[in-house]
Every structure is written in C-alpha cells, then in structure tokens.
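# Residue-level structure breakdown
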Amino acid sequence: MEHGAVIVAGFGFRVGVSLSSLRGALALAQHGRPPVTHLATAQDKLTALVPLAEALGLPLAGVVPEALLAVSTPTRSIVSLAARDVGSVAEASALAAAGAGGRLLGPRHVSPDRMATCAIAISAHLQGTPT
C-alpha cells in the first residue's frame, strides 16, 4: 500500500438500509483488499451510514451531488441512473472521496439482501466533507 494512502469504502443504498446490509456489502467489497480508512456516500445519505462508521471507528466523508456527477463509473445501474444520474453511487462516492488520481480496487459489490452496494477506492488524499 502506498505511504499515507486513503482507502475509501463508498456506499450506495436504499431507504431503510440496515447496519447488517451495509456490513454485508462492505465485507464482500473488502475481501482481499487493504483495510478501509474512510467511509463515503452521497452527502444527503450520511446519517444512514453513521452507525457503521461508529461501529468501525472510521471517519465519514459526504460527497456533494456535483462531485458524484463528475465521476465516471464502470457500473451502469439503471436504479442509480434513475435516482441520481450516476452509474453507481457506491463507485462514484468512493472515487470522488478518494480525489484526483483515485482508482477503484474493483467493481461495486451488492449486499446479499440487495439493499446496499459498496466499492473501494484508493488514493493518497481524501476529498469531500469529513464528519
């Protein structure tokens, strides 16, 4: 891992997502990857990610809509495109929070109950609004 690298787990999820769903998506995305140092999602969804951040002791980054829209994602989810005009909220959140030069460590993963998605990106610097 690069010195001082930031490993961001980006999340997308449906209204009413559970901590279990978020953990499930993270576990699938995390498998064989370096430890996550930050969590990120769309700024208006941060509240739902707080229980996971508290459980893991990790900081959160909220990604503003303009930053999500500025990122091109390999996944093109019809649900994400309809809801946010973004191919994958999880991938866009991870990449936007990772900042310039950030790269995905793999495609997004979907929780077993299909309520949450998670993608992991790596970069040397965190962007967004830490909370």
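The shown structure was predicted, so the numbers you read here are calculated from the model rather than taken from an experiment. (Residues numbered from 1 in each chain as written. Predicted model: local features only at pLDDT ≥ 70, side-chain atom pairs only at ≥ 80, totals over all residues. Heavy atoms only, no water.)

### Observations concerning the pairing of strand 3 (residues 60-63)
Short version of the rule: Accessible area is worked out with a 1.4 Å probe on protein chains only. A residue is then buried under 20% of its type maximum, exposed over 50%, and partly exposed in between. Secondary structure follows DSSP: runs of H or I at least 4 residues long count as helices, runs of E at least 2 residues long count as strands, and numbering of each begins at the N terminus. At least two bridges found by DSSP between two strands are what make those strands a pair. Orienting the strands away from the viewer, one traces the path from the first strand over the helix to the second; a clockwise path indicates a right-handed crossover.
The side-chain alternation of strand 3 yields two buried faces, one formed by Leu 60 and Gly 62 and the other by Ala 61 and Val 63. Bridge analysis of strand 2 (residues 38-42) against strand 3 gives four bridges, and the strand direction is parallel. Across the sheet, the residue bridging to Ala 42 is Val 63, located in strand 3. For the handedness criterion, the β-α-β arrangement of strand 2, helix 2 (residues 46-56) and strand 3 is classed as right-handed.

### Some words on the layout of surface pockets
Cut-off, in case you're wondering: Using protein atoms alone on a 1 Å grid, points that fit a 1.4 Å probe yet trap it form a cavity, whereas open point sets bounded by protein on both sides within 12 Å along at least five of seven lines form a pocket; residues with an atom within 4 Å of a point count as lining. Grid points are joined across faces, edges and corners, and a volume is the space filled by probe spheres set on the points. Throughout this entry, Asp, Glu, Lys and Arg are counted as charged residues, while Ala, Val, Leu, Ile, Met, Phe, Trp, Tyr, Cys and Pro are counted as nonpolar. The remaining residues, Gly among them, count as polar.
Reported here for the largest pocket is a volume of approximately 340 Å³. Along its surface, the largest pocket is lined by 16 residues, and Phe 13, Arg 14, Ser 77, Val 79 and Ser 80 are the ones closest to its centre. Counting residues per element, the ones that place at least two in the lining of the largest pocket are strand 1 (6-13), helix 4 (78-84) and strand 6 (116-123). A class-by-class count of the residues in the lining of the largest pocket yields seven nonpolar, four polar and five charged.

### Details of the environment of Ala 119
Applicable threshold: When checking whether two residues touch, look at their non-hydrogen atoms; a contact exists if any pair is within 4.5 Å.
Structurally, Ala 119 is set in strand 6. What makes Ala 119 buried here is its relative accessible area of 0%. In sequence terms Ala 119 and Ser 20 are 99 residues apart; their C-alpha atoms lie 16 Å from each other. What Ala 119 contacts, discounting residues up to four positions off in sequence, is Val 8, Ala 9, Gly 10, Ala 90, Glu 91, Ala 94, Leu 104 and Arg 108.

### Section: the nonpolar core
What counts here: Note on terminology: a nonpolar core comprises buried Ala, Val, Leu, Ile, Met, Phe, Trp, Tyr and Cys residues joined through side-chain atoms within 4.5 Å.
Formed by 22 residues in total, the largest nonpolar core has its most connected members in Ala 9, Phe 11, Leu 22, Val 36, Leu 39 and Leu 49. For this core, the elements supplying multiple residues, two or more each, are strand 1, helix 1 (19-30), helix 2 and strand 6. Setting aside chain neighbours within four positions, we find Leu 49 in contact with Phe 11, Phe 13, Leu 22, Leu 39, Ala 40, Thr 41 and Leu 60. Val 6, Val 8, Ala 40 and Val 63 belong to the second largest nonpolar core, which has 15 residues in total.

### Examining helix 5 (residues 89-98)
With ten of ten residues buried, helix 5 lies mostly within the body of the structure. Those residues of helix 5 that fall on the buried side of the exposure criterion are Val 89, Ala 90, Glu 91, Ala 92, Ser 93, Ala 94, Leu 95, Ala 96, Ala 97 and Ala 98.

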